[in-house]
Amino acid sequence: MRILVIEDEEKVANFIQRGLEEEQYVVDVASDGKTGLEMALSGMYDAIVLDLMLPGKDGFEVLQELRAADNETPVIILTARGSTKDRVRGLDLGADDYLPKPFHFDELAARLRSVLRRSSAQKSTKIVVGDLVLDTAAHLVWRGDKEIELTAKEYALLEYLMRNKHRIVSRTMIMEHVWKDPLAPMSNIIEVYIKRLRSKIEFDGKRFIHNVRGIGYRIKEPSNGE
Ligand code: CA
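### Describing the domain arrangement of the chain
- In terms of domain boundaries, the chain breaks down into domain 1 (2-122) and domain 2 (126-224).
- Listed as interface residues are 7 residues of domain 1 and, on the opposing side, 6 residues of domain 2.
- Taken together, both faces of the contact between domain 1 and domain 2 bury some 540 Å²; the carbon and sulfur share is 52%.
- Counting every contact that joins domain 1 to domain 2 gives 0 salt bridges.
- Our count for the contact surface shared by domain 1 and domain 2 stands at 1 residue pair in polar contact (both at pLDDT 80 or more).
- Per-element accounting of the side of domain 1 that touches domain 2 gives the leading share, 3 residues, to strand S2 (residues 26-30).

So, in structure tokens, the structure goes:
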């Protein structure tokens, strides 16, 4: 899940980014309305956290232009406490929820999960590779009828591989998307996690995750005899 945070206060933006990354979201930050709108219009985000008081374009304008462009990405607006007028205006312009500042991170995370659940209820959330099924909304994984229990990191790695099924993902891509740390590809952390994933998913010897020598990995349906 990729989240865009449009917030000009660096402290607040960092606080949100760090918290969301700990919850395994991939987070991008825009510090003014104009840049934020351009990024939001790319359509690559699962949800947007939008401050209202922004330089360039304010949050209302960003929201208005986003919806005018038929972009339905869920938006949570950050409003000043007690400002009913801002809240109403934001919701009228198509915000999905709001959160008065200052807020507790846990509340933002809960509201985000809720808007993501609602929006993903409208689209298919399951990625299927053979009898391996991953539900991106519920964060659950099955092989046939058997539910596979994964840690948050194992899940994030598998989700990334499955979102790119049949394609080769390089070690650098994995480090950037799953660990957000492009400096670490020399370490063997990816191998360690791939090994753990395999022991959980390929328990019957069927091979889903393939090494692509010198490049990275690819997930695909097991063929006969594998
Ligand atoms: Ca602001």
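### Examining the nonpolar core
- One finds Leu158, Leu161 and Ile174 to be the most contacted residues of the largest nonpolar core, which totals 27 residues.
- Contributions of two or more residues to this core are made by strand S6 (126-129), strand S7 (132-135), helix H6 (152-163), helix H7 (171-179), helix H8 (189-201) and strand S12 (216-219).
- Ranked by the residues each element gives to this core, the list is headed by H6, at 7 residues.
- If sequence neighbours within four positions are ignored, leucine 158 has contacts with Leu132, Leu134, Val141, Leu150, Leu197, Ile201 and Ile219.
- In terms of nonpolar packing, the next biggest core, distinct from the first, is built from 20 residues, Val5, Val27, Leu78 and Phe103 among them.

### Some points on helix H1 (residues 10-22)
- The first and last C-alpha atoms of H1 sit 18 Å apart over 13 residues, in line with the 18 Å expected at 1.5 Å per residue.
- For H1, the complete set of buried residues consists of Val12, Ala13, Ile16, Gly19 and Leu20. Burial along H1 is one-sided: seen end-on, the buried residues are contained in an arc of 140°. Along H1, exposed side chains directed more than 90 degrees from the buried face belong to Glu10, Lys11, Arg18 and Glu22.
- Directly after H1, the chain includes glutamine 24, whose backbone phi takes a positive value near 75°.

### Topic: the coordination of the calcium ion
- In the first shell of the calcium ion, the protein supplies Asp8 (OD), Asp51 (OD) and Met53 (O), at 2.2 to 2.3 Å from the metal.
- All donors of the calcium ion belong to a single chain; written as a sequence motif, their spacing is D-x42-D-x1-M. With aspartate 8 in the loop between strand S1 (2-6) and H1 and methionine 53 in the loop between strand S3 (47-51) and helix H3 (59-68), this pair connects stretches of sequence that are 45 residues apart.
- With relative accessibility at 32%, the residue aspartate 8 sits in the partly exposed group.
- The exposure class assigned to methionine 53 is exposed, which follows from its relative accessible area of 69%.

### A closer look at H7
- Every buried residue of H7 is listed here: Ile174, Met175, Val178 and Trp179. One face of H7 carries all of its buried residues, which in axial projection span an arc of 100°.
- In this structure, the buried side of H7 is in contact with H6, strand S10 (169-170), H8 and S12.
- Of the residues one or two after H7, lysine 180 is the one with positive phi, at around 55°.

Conventions and cut-offs
- Residues numbered from 1 in each chain as written.
- Predicted model: local features only at pLDDT ≥ 70, side-chain atom pairs only at ≥ 80, totals over all residues.
- Heavy atoms only, no water.
- Domains from an automatic or database assignment.
- Contact = heavy atoms within 4.5 Å.
- Buried area = accessible area lost by both parts, 1.4 Å probe.
- Salt bridge = Lys/Arg side-chain N within 4 Å of Asp/Glu carboxyl O.
- Polar contact = N/O pair within 3.5 Å; in protein donor to acceptor, adjacent residues only side chain to side chain.
- Helix = DSSP H or I, 4+ residues; strand = E, 2+ residues; numbered from the N terminus.
- Core = buried A, V, L, I, M, F, W, Y, C linked by side-chain atoms within 4.5 Å.
- Buried < 20%, exposed > 50% of the residue type's maximum accessible area, 1.4 Å probe, protein only.
- Expected span 1.5 Å × (residues − 1).
- Arc of directions from axis to C-beta.
- Donors = N, O, S within 2.8 Å, 3.2 Å for Na, K, Ca; no water.

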